[in-house]
Amino acid sequence: MGKNVLILLGSPRKEGNSHLLAKAFAEGAESAGHTVTYFDAGKGGIAGCMACGGCWKTGAACVQKDRMQEAYPLLEQADVLVITSPLYFFDLNAQVRAVLDRFYPYGRQERTSSLHIQESVLLMTAAGVPYKFDGARATYELMVEYMKWTDRGMILADGVWDKGDIKTTGFLDQAKALGAAL
């Protein structure tokens, strides 16, 4: 039986290296019979958690009326979450962080809905040397542990700065294989 895979796109650069990596993963996942859906966090329009305590009090996960209202139903249906982000200042970028911070309502006792995510994947791109991924890797690993997800793998594509650089590497093949292996 196929899984519902949600790919969280974090890059504001359309058809850039992160998007290409996500598309390769999706191609592999779909070839294995999984259903893939995208949520483009890179478009922006998602505020961070305000710690207001209003979760579920209006019948919705969050009192804020922004693009997360589109994301919540997708998150609730997902079996696998694929986090895709370019490396920004040694971590996931702000667009992805905003979405992840807004998972907060699902940890509340008064929640009226739950996440069904069981597995996760991290796909990242960056220019420079691999150690720069250490902060993002630590954030991801802590989140996986806290959420009790099974980590299905990470692809940390280093040395890809200009749009399309990733096409001349083996990272797209790795992403497709990882998607097919779900």
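Structure report, in brief. All values reported here derive from a predicted model rather than from experimental measurement.

### Things to note about helix H4 (residues 134–147)
Logical step 1: Helix length check: H4 (14 residues) gives 20 Å between terminal C-alpha atoms against 20 Å at 1.5 Å per residue, within 8%.
Logical step 2: Looking only at H4, the buried set comprises Ala136, Tyr140, Met143 and Val144. Axial view of H4: buried residues confined to an arc of 100°, hence all on one face. The outward face of H4, more than 90 degrees from its buried face, is lined by the exposed residues Leu142, Glu145 and Tyr146.
Logical step 3: The elements touched by buried residues of H4 are strand S3 (80–86), helix H3 (94–101), strand S4 (119–126) and strand S5 (150–158).
Logical step 4: Taken from the residues just after H4, lysine 148 is the one with a positive phi, measuring 60°.

### Some words on the side chain of aspartate 40
Logical step 1: With respect to the helices and strands, aspartate 40 occurs in strand S2 (residues 35–40).
Logical step 2: One polar contact links aspartate 40 to lysine 14, side chain to side chain, over a distance of 2.7 Å.
Logical step 3: Residue contacts for aspartate 40: discarding those within four places in its chain leaves Leu9, Ser11, Lys14, His19 and Arg67.

### Description of the environment of glutamate 119
Logical step 1: In this structure, glutamate 119 sits in strand S4.
Logical step 2: Owing to a relative accessible area of 12%, glutamate 119 belongs among the buried residues under this scheme.
Logical step 3: Excluding residues within four positions of it along the chain, glutamate 119 makes contact with Lys3, Asp79, Val80, Leu81, Trp149, Thr150 and Arg152.

### Comments concerning the pairing of strand S1 (residues 4–9)
Logical step 1: Of all six residues making up S1, five are buried, and the element is well covered by its neighbours.
Logical step 2: Bridging between S1 and S2 involves six bridges; their strand directions are parallel. In the strand pairing of S2, leucine 8 is matched with phenylalanine 39.
Logical step 3: Regarding the hand of the β-α-β motif, the stretch spanning S1, helix H1 (residues 17–31) and S2 is right-handed.
Logical step 4: Here S1 pairs with S3 via five bridges, running parallel. Bridged to leucine 8 within S3 is isoleucine 83.

### Observations regarding H3
Logical step 1: Every buried residue of H3 is accounted for by Gln95, Val96, Ala98, Val99 and Leu100.
Logical step 2: At its buried positions, H3 is contacted by S1, S2, helix H2 (68–77), S3 and H4.

### Looking at a nonpolar patch on the surface
Logical step 1: Taken together, the side chains of Tyr88, Phe89 and Phe90 define a hydrophobic patch exposed on the protein surface, amounting to about 380 Å² of accessible area.
Logical step 2: Relative to the assigned elements, tyrosine 88 resides in the loop between S3 and H3.

### Some details on the pattern of salt bridges
Logical step 1: A full pass over the atoms with the stated rule returns 10 salt bridges.
Logical step 2: Between lysine 14 and aspartate 40 there is a salt bridge, with the nearest N and O atoms lying 2.7 Å from each other. One end of the pair, lysine 14, is in the loop between S1 and H1; the other, aspartate 40, is in strand S2, with 26 residues separating them in the sequence.
Logical step 3: Here aspartate 101 ties to arginine 97 by a salt bridge, and the two come within 2.7 Å at their closest N and O atoms. Note that aspartate 101 and arginine 97 are positioned in helix H3 at a spacing of four residues, about one turn of the helix.
Logical step 4: On the accessibility criterion, aspartate 101 (35% relative accessible area) is partly exposed.
Logical step 5: Overlapping salt bridges bring together Lys3, Glu119 and Arg152 as one network.

### What to know about unusual backbone geometry
Logical step 1: Despite not being glycine, glutamate 15 shows a phi value in the positive range, around 60°.
Logical step 2: Take glutamate 15: it is sitting in the loop between S1 and H1.
Logical step 3: Glutamate 15 sits in the partly exposed class, given a relative accessible area of 39%.
Logical step 4: The phi torsion at phenylalanine 90 lies on the positive side, around 70°, for a residue other than glycine.
Logical step 5: Relative to the assigned elements, phenylalanine 90 resides in the loop between S3 and H3.
Logical step 6: In this structure phenylalanine 90 comes out as partly exposed when scored by relative accessible area, which is 41%.

Calculation rules
- Each residue is numbered by its place in its chain's sequence as written, counting from 1.
- Local features are withheld for residues below a pLDDT of 70 in this predicted model, meaning they are given only at 70 or higher, and side-chain atom pairs are given and counted only at 80 or more; totals for whole chains, interfaces and linings count all residues.
- Think of the side-chain values as coming from all heavy atoms in the structure, minus any hydrogens and water.
- Counting from the N terminus, the helices are the DSSP runs of H or I reaching at least four residues and the strands are the DSSP runs of E reaching at least two.
- Here the expected length of a helix is defined as 1.5 Å per residue gap, with one fewer gap than residues.
- Think of it in three bands: with a 1.4 Å probe and only protein chains considered, a residue is buried below 20% of the maximum accessible area for its type, exposed above 50%, and partly exposed in between.
- What the arc measures is the spread of directions leading from the helix axis to the C-beta atoms.
- Any two residues whose heavy atoms approach within 4.5 Å are treated as being in contact.
- Any pair of nitrogen or oxygen atoms within 3.5 Å is treated as a polar contact; in protein, a donor-acceptor pairing is required on top of that, and neighbouring residues in sequence qualify only through side-chain atoms on both sides.
- Only strands that DSSP links by at least two bridges are regarded as paired with each other.
- When the strands point away from the viewer and the path from the first strand over the helix to the second turns clockwise, the crossover is right-handed.
- Patch membership needs two things, relative accessible area over 30% and no salt bridge, and members are linked within 9 Å if like-charged or within 5 Å if nonpolar (Val, Leu, Ile, Met, Phe, Trp, Tyr).
- Only the protein chains shown count as cover for residues, with accessible areas throughout obtained via the Shrake-Rupley method and a probe of 1.4 Å.
- Definition used for salt bridges: Asp or Glu carboxyl oxygen within 4 Å of a side-chain nitrogen of Lys or Arg.

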